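Summary of the model geometry
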Amino acid sequence: QVQVVQSGGGLVQPGGSLTLSCTASGSIFRIVGMDWYRQAPGKERELVASIASGGITNYADSVKGRFTISRDNAKDTVYLKMNHLKPEDTAVYYCNAKPQLVPRGESSLYWGQGTQVTVSS
């Protein structure tokens, strides 16, 4: 069965750094892209960064220049390096792996469990 497992997160001071990682396994379809989302209390879930298998990246304006997304395609692992963190970055961060095809009834399995990032002094 498909599993998407995240690690990292925690408490960090403003201006600090943190790196999240996420690994997808068990998919019968090739993972062609991986995304990071976040959801802060009372706010909608937003796309933070995305990366395609070819290396093309995209970032939300709010994190551009501070966050870096990268991946190891051979391991179906994606990373999110977060620098110069701000209190407004506080949220639950979710990893989403995108396969060539989404198996029926398994779309939810391509999401990580979520990890809390708290930026506070």
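Turning next to the packing of aromatic side chains. Scanning the entire structure with this criterion turns up 1 aromatic pair. Seen from the ring of Y94, R45 lies directly overhead, with NZ or CZ sitting 4.0 Å from the centre. Above the ring of W111, the side-chain terminus of R45 is found at 5.0 Å from the ring centroid.

Now for the state of the cysteines. The full count for this structure, using the stated rule, is 1 disulfide. Shown here is the disulfide that connects C22 with C95, its sulfur atoms set 2.1 Å apart. Of note, the bridge from C22 to C95 carries an S-S torsion of about -80° and is left-handed in sense. Of the two residues, C22 sits in strand 3 (residues 18–25) while C95 sits in strand 9 (residues 91–99), which places them 73 residues apart along the sequence.

This part is about the sheet that holds strand 3. Spatially, 1-3-8-7 is the arrangement adopted by the 4 strands of the open sheet, whose pairing is antiparallel. The strands lining the two open edges of the sheet, one partner per strand, are strand 1 (3–7) and strand 7 (67–72). Here the strands of the sheet are splayed against their neighbours by 15° on average, with no regard to which way each runs.

Let's shift gears to the sheet that holds strand 10 (residues 115–119). Taken together, the 6 strands give an open sheet; going across it, the order is 2-10-9-4-5-6, and neighbouring strands pair in mixed fashion. Across the chains shown, the open sheet's two edge strands, defined by having one partner strand only, are strand 2 (10–12) and strand 6 (57–59). Strand-to-strand, the axes of this sheet are offset by a mean angle of 20°, without reference to chain direction. Of the strand pairs in this sheet, strand 4 (residues 31–39) and strand 5 (residues 46–52) are connected by 6 bridges, and their pairing is antiparallel.

Moving on: the nonpolar core. Core analysis: the largest hydrophobic core is formed by 30 residues, its most contacted members being M34, W36, L80, M82 and Y93. At the level of elements, strand 3, strand 4, strand 5, strand 7, strand 8 (77–82), strand 9 and strand 10 are the ones that each hand at least two residues to this core. Filtering out sequence-adjacent residues up to four positions away, Y93 remains in contact with Q6, L20, W36, Y37, R38, V48, F67, L80, M82, G114, T115 and V117.

Cut-offs applied
- Residues numbered from 1 in each chain as written.
- Predicted model: local features only at pLDDT ≥ 70, side-chain atom pairs only at ≥ 80, totals over all residues.
- Heavy atoms only, no water.
- Phe/Tyr/Trp six-rings, centres within 6.5 Å; stacked < 30°, edge-to-face > 60°.
- Lys NZ or Arg CZ within 6 Å of the ring centre and 35° of its normal.
- Disulfide = S-S within 2.5 Å.
- Helix = DSSP H or I, 4+ residues; strand = E, 2+ residues; numbered from the N terminus.
- Pairing = 2+ DSSP bridges.
- Axes fitted to C-alpha atoms, helices over the stretch in contact; angles between N-to-C directions.
- Core = buried A, V, L, I, M, F, W, Y, C linked by side-chain atoms within 4.5 Å.
- Buried < 20%, exposed > 50% of the residue type's maximum accessible area, 1.4 Å probe, protein only.
- Contact = heavy atoms within 4.5 Å.

Scope: geometric values only; no functional claims are made or implied.
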